[in-house]
Amino acid sequence: NAGVTQTPKFRVLKTGQSMTLLCAQDMNHEYMYWYRQDPGMGLRLIHYSVGEGTTAKGEVPDGYNVSRLKKQNFLLGLESAAPSQTSVYFCASRKGQMNEKLFFGSGTQLSVL
Amino acid sequence: AQSVTQPDIHITVSEGASLELRCNYSYGATPYLFWYVQSPGQGLQLLLKYFSGDTLVQGIKGFEAEFKRSQSSFNLRKPSVHWSDAAEYFCAVGTGNQFYFGTGTSLTVIP
């Protein structure tokens, strides 16, 4: 009964390095989301997916790429990290209807030096 | 564009006092409305939601919220705050497969 699992929990990168954040859910949810949380900014949507093989841009997609090759996994990639991408990243998922709640992971704290 | 405004960045209340956290949204139709709570170092947990019907909705931990269409508001209330309610609270609007969050209100509870 894991819910939404994010790996890694912490990461420090140097400017220009690349990395992938993994989000895995075991609830057979169709919809998955990547958010970033910054002080005073709340949560902002980066990318989302409405099902396996689909992705769509959110509010702040620049500098990020995503893939949803398997229904249970949603990957967030940073090809060339920048200090502006220092943030806490949250993955979330939901089953189907818009009135259903989001299930959140515990977050990934990323620092880009 | 859709937007969610939480005008209070930080609120301090005494334990046992009542609480109201404000949320205003901008959206053409009746949106799906949510309140989430975030404890330090944790993800967000749903407190309550509204999508139709009775405009006063009850949630977990003794919280309630009232949808007022005329004011485009969805304020969160609790009659008596407990020390364990100290956290960050986020209002959210759901529309078109996306969810838009406010900037959050940080709640401090004084013993």
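This text follows the structure it describes.
Residues numbered from 1 in each chain as written. Chains lettered and ligands numbered in written order. Predicted model: local features only at pLDDT ≥ 70, side-chain atom pairs only at ≥ 80, totals over all residues. Heavy atoms only, no water.

Side note on the overall build of chain B
And step 1. Within chain B, the regular secondary structure consists of 0 helices and 12 strands.
And step 2. The C-alpha atoms of chain B give 13 Å as radius of gyration, which agrees with the globular expectation for 111 residues (13 Å, within 12%).
And step 3. Dimensions of chain B, computed from C-alpha atoms along their principal axes, come out at roughly 40 × 30 × 20 Å.
And step 4. Buried residues in chain B amount to 46% of all 111 residues.
And step 5. Long-range pairs, those at least 24 residues apart, make up 52% of the contacts in chain B between residues at least 6 apart in sequence.
And step 6. For chain B, the accessible area works out to roughly 5,100 Å², and carbon and sulfur atoms hold 49% of it.
And step 7. Looking at chain B, you have 7 positive and 8 negative side-chain charges, and the mean spots of the two groups are 5 Å apart. (Helix = DSSP H or I, 4+ residues; strand = E, 2+ residues; numbered from the N terminus. Rg over C-alpha atoms; globule rule 2.2 N^0.38 Å. Buried < 20%, exposed > 50% of the residue type's maximum accessible area, 1.4 Å probe, protein only. Contact = heavy atoms within 4.5 Å. Areas by Shrake-Rupley, 256 points an atom, 1.4 Å probe, with all protein chains shown as cover. Lys, Arg positive; Asp, Glu negative; His and termini not counted. Charge placed at Lys NZ, Arg CZ, Asp CG, Glu CD.)

Details of the side chain of Lys-78 of chain B
And step 1. Tracing the sequence through the fold places Lys-78 of chain B in strand E9 (residues 73-78).
And step 2. For Lys-78 of chain B, the contacting residues outside a window of four places in its chain are Ala-17, Ser-18, Leu-19, Lys-61, Gly-62, Phe-63 and Asp-85 of chain B.

Focus: the interface of chain A and chain B
And step 1. Each partner contributes to the interface: chain A provides 24 residues, whereas chain B provides 22 residues.
And step 2. Between chain A and chain B, the buried area comes to about 1,800 Å², and carbon and sulfur atoms account for 61% of it.
And step 3. Broken down residue by residue, the surface that chain A buries against chain B is led by Leu-43, Met-98 and Asn-99 of chain A, which jointly contribute 33%.
And step 4. On the surface where chain A and chain B come into contact, there are 0 salt bridges.
And step 5. Linking chain A with chain B are 6 residue pairs in polar contact (both at pLDDT 80 or more), by the criterion used here. (Buried area = accessible area lost by both parts, 1.4 Å probe. Salt bridge = Lys/Arg side-chain N within 4 Å of Asp/Glu carboxyl O. Polar contact = N/O pair within 3.5 Å; in protein donor to acceptor, adjacent residues only side chain to side chain.)

Structural notes on the environment of Tyr-36 of chain B
And step 1. With respect to the helices and strands, Tyr-36 of chain B occurs in strand E5 (residues 32-38).
And step 2. Judged by its relative accessible area of 0%, Tyr-36 of chain B falls in the buried class.
And step 3. Taking the C-alpha atoms as reference, Tyr-36 of chain B lies 6.4 Å from Cys-91 of chain B; in sequence the two are 55 residues apart.
And step 4. Aside from chain neighbours lying at most four places away, what touches Tyr-36 of chain B is Lys-101, Leu-102 and Phe-104 of chain A together with Leu-44, Gln-45, Leu-46, Leu-47, Glu-88, Tyr-89, Phe-90, Ala-92 and Phe-101 of chain B.
And step 5. Here Leu-102 of chain A takes part through its backbone nitrogen, which lies 2.9 Å from a polar atom of the side chain of Tyr-36 of chain B.

Focus: the state of the cysteines
And step 1. This structure, assessed with the given rule, holds 2 disulfides over all chains.
And step 2. Each disulfide pairs two cysteine sulfurs, and for Cys-23 of chain A the partner residue is Cys-91 of chain A, the sulfurs being separated by 1.8 Å. The sign of the S-S torsion, about -75 degrees, decides the handedness of the disulfide formed by Cys-23 of chain A and Cys-91 of chain A: left-handed. Of the two residues, Cys-23 of chain A sits in strand E3 (residues 19-25) while Cys-91 of chain A sits in strand E9 (residues 87-94), which places them 68 residues apart along the sequence. This pair shows no difference in class: Cys-23 of chain A is buried, exactly as Cys-91 of chain A is.
And step 3. Here Cys-23 of chain B is linked by a disulfide to Cys-91 of chain B, with a sulfur-sulfur distance of 1.9 Å. The sign of the -65 degrees torsion about the S-S bond sets the Cys-23 of chain B-Cys-91 of chain B disulfide as left-handed. (Disulfide = S-S within 2.5 Å.)

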